[in-house]
Amino acid sequence: MLDLSVNIGSVPLRSPVIIASGTWGYDESLWREDLLRHVGAVCSKAITESPKDGNPGHRIWETPCGLLNSIGLQNTGIDDFVDEKIPKLKSYGVPIIANVSMEDERGLALIVERLVEVADCVDAIELNVSCPNVDKGCMSWGVSPVLTSQAVSMVQKIWKGPLWVKMTPQAPDPEGVARAAEDSGADALVVANTWLGMAIDVDSRKAVFDRVVAGFSGPAVFPMALRLVWQVSSAVSIPVIGCGGVSSGRDLLSMIMAGATAVELGTGMFRDIRLPENILREVKAYMTKEKVEDLRSLIGIAKR
Ligand SMILES: Cc1cc2nc3c(=O)[nH]c(=O)nc-3n(C[C@H](O)[C@H](O)[C@H](O)COP(=O)(O)O)c2cc1C
């Protein structure tokens, strides 16, 4: 009997595949039993204090092996999430991770206080100190160990449940940020959010995005995300969740062997709604062939 269950701190997951924030809508048609069966948890879209329309202009730009996005944290705000979204999401029976956007200290406290009211429906908070597509907060906190530590401590004062920190690959010292998050009480690290990129529309001779820079994701970032997982998981002792370009069973296995306990899937879900199922099929075939009964025995094995 193959065992693909993992624990992210105190959060048990039946599968090491988590759906990344911003890539799984609230549309009921996505929350089907046959799709969710293979999924360990689903991260919500980033939640902000007030509803946000997101960025003007272009929001998505495809490249040959990745995607640029500048959504700008479009969401309906914390009140709608608590009153309308979360009770519905919880009824689907899959762990829900609330991706909380760090804009400013007052807003963060307010969001977390409201999440406490529905703590039994929220399996973990994923503190987003890493979105590159907004002018205020987010990535500007995640590039700094000191600010990351402050943000984690602020959440910890209010939230007693599991707390994951979603890191930015733009941090000049990712190990420093990771250690700061761990020392301040984070239970797990998600490595990582999107990479800064840009595109030029040669017909208009202008930058595609109004903010010029955008977040880059998809298969092209996988080797860089893998390297970050290796580095960060060597620097901390809390679980690391690999995120960035994972699109096959071999990608998932590589992340695990580099030190991740689970992975998040983002851009890959746009191309294949059945990606979790397809990835797990490949992983199970590998485990059968290699006589590996427990996936956890492979965590960090490439370093030994
Ligand atoms: C369209 C889109 C929207 C996203 N929105 C969020 C978000 O709201 N919060 C967040 O933390 N990450 C967000 N992300 C980042 C993803 O969750 C993920 O970290 C990133 O895309 C890297 O993984 P991938 O290469 O598998 O897509 C978004 C990514 C995309 C492509």
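Residues numbered from 1 in each chain as written. Predicted model: local features only at pLDDT ≥ 70, side-chain atom pairs only at ≥ 80, totals over all residues. Heavy atoms only, no water.

For the record, the criterion: UniProt positions are given in the numbering used here, feature names are shortened, and annotations may be inferred rather than shown by experiment.
As recorded in an unreviewed UniProt entry, the chain goes by the name Dihydroorotate dehydrogenase, listed as coming from Dethiosulfovibrio peptidovorans DSM 11002. Per UniProt, the chain carries the Catalytic activity (unreviewed entry) text "(S)-dihydroorotate + A = orotate + AH2". Taken from UniProt, the Sequence similarities (unreviewed entry) comment for the chain reads in full: "Belongs to the dihydroorotate dehydrogenase family. Type 1 subfamily."

### Let's talk about the UniProt feature "binding site: substrate" (unreviewed entry) in the chain
In plain terms, the rule: Both site types are read off a 1 Å grid over the protein atoms alone. A 1.4 Å probe that fits but cannot get out defines a cavity, while an open set with protein on both sides within 12 Å along at least five of seven lines defines a pocket; lining residues have an atom within 4 Å of a point. The helix and strand labels rest on DSSP assignments: H or I over at least four residues marks a helix, E over at least two residues marks a strand, and numbering proceeds from the N terminus. The buried label applies to any residue whose accessible area, calculated with a 1.4 Å probe on protein chains only, is under 20% of its type's maximum; exposed applies above 50%, and partly exposed to all values in between. The criterion used for residue contact is that any of the two residues' heavy atoms lie within 4.5 Å. Nitrogen and oxygen atoms within 3.5 Å of one another constitute a polar contact, given that in protein one can donate a hydrogen and the other can accept it, and given that sequence-neighbouring residues count only through two side-chain atoms.
As recorded in UniProt, the sites labelled "binding site: substrate" (unreviewed entry) are Lys45, Asn69, Ser70, Ile71, Gly72, Leu73, Asn128, Asn193 and Thr194. For the largest cavity, the lining residues among the annotations just cited are Lys45. Tracing the sequence through the fold places Ser70 in the loop between strand 6 (66-69) and helix 2 (77-90). Under the relative-accessibility criterion, Ser70 is labelled buried at 1%. Once residues lying within four places of it in the same chain are set aside, the contact partners of Ser70 are Asn55, His58, Arg59, Asn133, Phe209, Arg211 and Ala214. A polar side-chain atom of Ser70 sits 2.9 Å from a polar atom in the side chain of Asn55. Relative to the elements of secondary structure, Asn193 occurs in the loop between strand 10 (188-191) and strand 11 (195-198).

### Quick notes on empty space enclosed by the protein
A probe as big as a water molecule, rolled over the atoms, marks out the empty space that is left. Rules: Grid points are joined across faces, edges and corners, and a volume is the space filled by probe spheres set on the points. For this classification, Asp, Glu, Lys and Arg are treated as charged, while Ala, Val, Leu, Ile, Met, Phe, Trp, Tyr, Cys and Pro are nonpolar and the rest, including Gly, are polar.
For the coordinates displayed, the defined rule picks out 2 cavities of 30 Å³ or more. Its boundaries defined by the atoms lining it, the largest cavity holds a volume of some 50 Å³. Around the largest cavity, the lining residues are Tyr26, Lys45, Ala46, Ile47, Asn75, Thr76, Gly77, Phe81 and Lys85. Split by residue class, the lining of the largest cavity holds 4 nonpolar, 3 polar and 2 charged. Counted as a void, the second largest cavity has a volume near 30 Å³. If you go around the second largest cavity, the residues you meet are Leu35, His38, Ile273, Arg274, Pro276 and Glu277. Tallied by class, residues from the lining of the second largest cavity come to 3 nonpolar, 1 polar and 2 charged.

### Topic: the packing of aromatic side chains
What counts, and what does not: Working definition: a ring pair exists when centres of Phe, Tyr or Trp rings (six-membered ring for Trp) sit within 6.5 Å. Plane angles under 30 degrees give stacked, over 60 give edge-to-face, the rest tilted.
For the structure on display, the rule yields 1 aromatic pair. Considering the side-chain rings of Trp31 and Tyr92, the 5.1 Å spacing of their centres and the 25° angle between planes classify their relative orientation as stacked. With Trp31 in the loop between strand 3 (17-19) and helix 1 (33-36) and Tyr92 in the loop between helix 2 and strand 7 (96-101), this pair connects stretches of sequence that are 61 residues apart. With relative accessibility at 6%, the residue Trp31 sits in the buried group.

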